[in-house]
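Results of the structural survey
Here is how the chains run, residue by residue.
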Amino acid sequence: MMELAVVPLHHYKKYMSDCCKLINDEWKRSETARMRSLESSSDTLPTSLILLKNDQIIGHLKLSPIPSISDACFVESVVIERKLRGKGFGTILMEKAEDYCKNHLQLKTIYLSTQGQEGFYSKLGYQECQPISIYGNYTPTTTMCCKNKNQYSNGWQGAPKPPPLPSNKINVNTKIYMKKNL
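Residues numbered from 1 in each chain as written. Predicted model: local features only at pLDDT ≥ 70, side-chain atom pairs only at ≥ 80, totals over all residues. Heavy atoms only, no water.

**Re the pairing of strand β3 (residues 56–65)**
Applicable threshold: Relative accessibility under 20% of the residue-type maximum defines a buried residue, over 50% an exposed one, and the middle range a partly exposed one, all with a 1.4 Å probe and only protein chains included. In this description a helix means any DSSP run of H or I spanning at least four residues, a strand means any run of E spanning at least two, and both kinds are numbered starting from the N terminus. One bridge is not enough; two strands pair if DSSP finds at least two bridges between them.
Taken across its 10 residues, β3 has 8 buried, putting it largely inside the fold. Here 7 bridges tie strand β2 (residues 47–53) to β3, and the two strands are oriented antiparallel to one another. Paired with Leu-49 across the strands is Leu-61, a residue of β3. Linking two consecutive strands that pair antiparallel, namely β2 and β3, is a turn of 2 residues; a positive phi of about 50° is found at Asn-54 within it. When β3 meets strand β4 (residues 72–80), the two strands line up antiparallel, connected through 6 bridges. Each residue of the ladder has a partner; that of Pro-65, found in β4, is Cys-73. The turn joining β3 and β4, which pair antiparallel and follow one another in sequence, is formed by 6 residues.

Here it is in structure tokens:
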């Protein structure tokens, strides 16, 4: 019989190295930087949760604070071991993370961003939303505030306008932000 568990990584530090390898297999980063990030996991945010199958790590996600929204978190680095994808383990990891957020962290909303996995998150009840920043307040702006066309908001006068962005026909996946109320 298969035994599954989702647990906070900081309570099971013996899995740190295996977790680092799992994440780095998906998104390359120096082992030192990755380990520092994983070592920041705590009972408050940030928290790394791992999915264990028969005492082997097969999944990870990180819950990060959103300074401007105290009763919410941002899900980052959701990954399931490649050979086990498409078998429902991502759903299990996300559902257990939602339970953890609601019951342990007392949060009301989960945010995330994705590129190409909108269908997966939609099936779990996530809906598209405006972009948010996990680094502080986010106010979308479309124009730069200027006193006149030759003076930029930082006070520099006569600064040259930047060149136009290159036009390319390549369809680039953009991040889609999603949220779920718990």
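**Some words on the nonpolar core**
Applicable threshold: Note on terminology: a nonpolar core comprises buried Ala, Val, Leu, Ile, Met, Phe, Trp, Tyr and Cys residues joined through side-chain atoms within 4.5 Å. Between two residues, a contact is recorded if the distance between any of their heavy atoms is within 4.5 Å.
With 24 residues, the main nonpolar core has Leu-61, Leu-63, Met-94 and Tyr-126 as its most contacted residues. Those elements giving two or more residues to this core turn out to be β2, β3, β4, α3 (89–104), β5 (109–114) and β7 (176–181). When residues of this core are assigned to their parent elements, the largest contribution, 6 residues, is made by α3. Not counting the four nearest positions on each side in its chain, Leu-63 is found in contact with Leu-45, Pro-46, Thr-47, Leu-49, Cys-73, Phe-74, Val-75, Tyr-100, Cys-101 and Leu-105. Counting residues in hydrophobic clusters, the runner-up holds 14 residues, among them Leu-9, Tyr-15, Cys-20 and Ile-57.

**Here we look at helix α2 (residues 31–39)**
Because an α-helix packs 3.6 residues into every turn, residues spaced three or four apart end up facing the same way. Stated precisely, the cut-off is as follows: Directions pointing from the helix axis toward each C-beta atom define the arc.
Three or more residues of α2 are buried, namely Arg-34, Met-35, Ser-37 and Leu-38. Down the axis of α2, the sector holding all buried residues measures 160°, keeping them to one side. Opposite the buried face of α2, at more than 90 degrees from it, the exposed residues are Arg-36 and Glu-39. Buried positions along α2 lie against α1 (16–26), β2 and β3.

**Regarding α1**
Among all positions in α1, only Met-16, Cys-19, Cys-20, Leu-22, Ile-23 and Asn-24 are buried. In this fold, the buried residues of α1 make contact with α2, β2, β3 and β4.

**Brief notes about the pattern of salt bridges**
Working definition: two side chains of opposite charge can pair if their charged atoms are close together. We count it as follows: By definition here, a salt bridge exists when the distance from a side-chain nitrogen of Lys or Arg to a carboxyl oxygen of Asp or Glu is within 4 Å.
Applying the stated criterion to the full structure yields 5 salt bridges. Its salt-bridge partner being Glu-81, residue Lys-83 comes within 3.4 Å of it at the nearest N-O pair. For Lys-180, the salt bridge is made with Glu-98, and the minimal N-O distance between the two is 2.9 Å. Of this pair, Lys-180 sits in strand β7 while Glu-98 sits in helix α3, and the two are 82 residues apart along the sequence. On the basis of relative accessible area, Lys-180 is assigned to the buried category, the value being 18%. The exposure class assigned to Glu-98 is buried, which follows from its relative accessible area of 8%. Salt bridges sharing common partners tie together Glu-26, Arg-82 and Arg-85.

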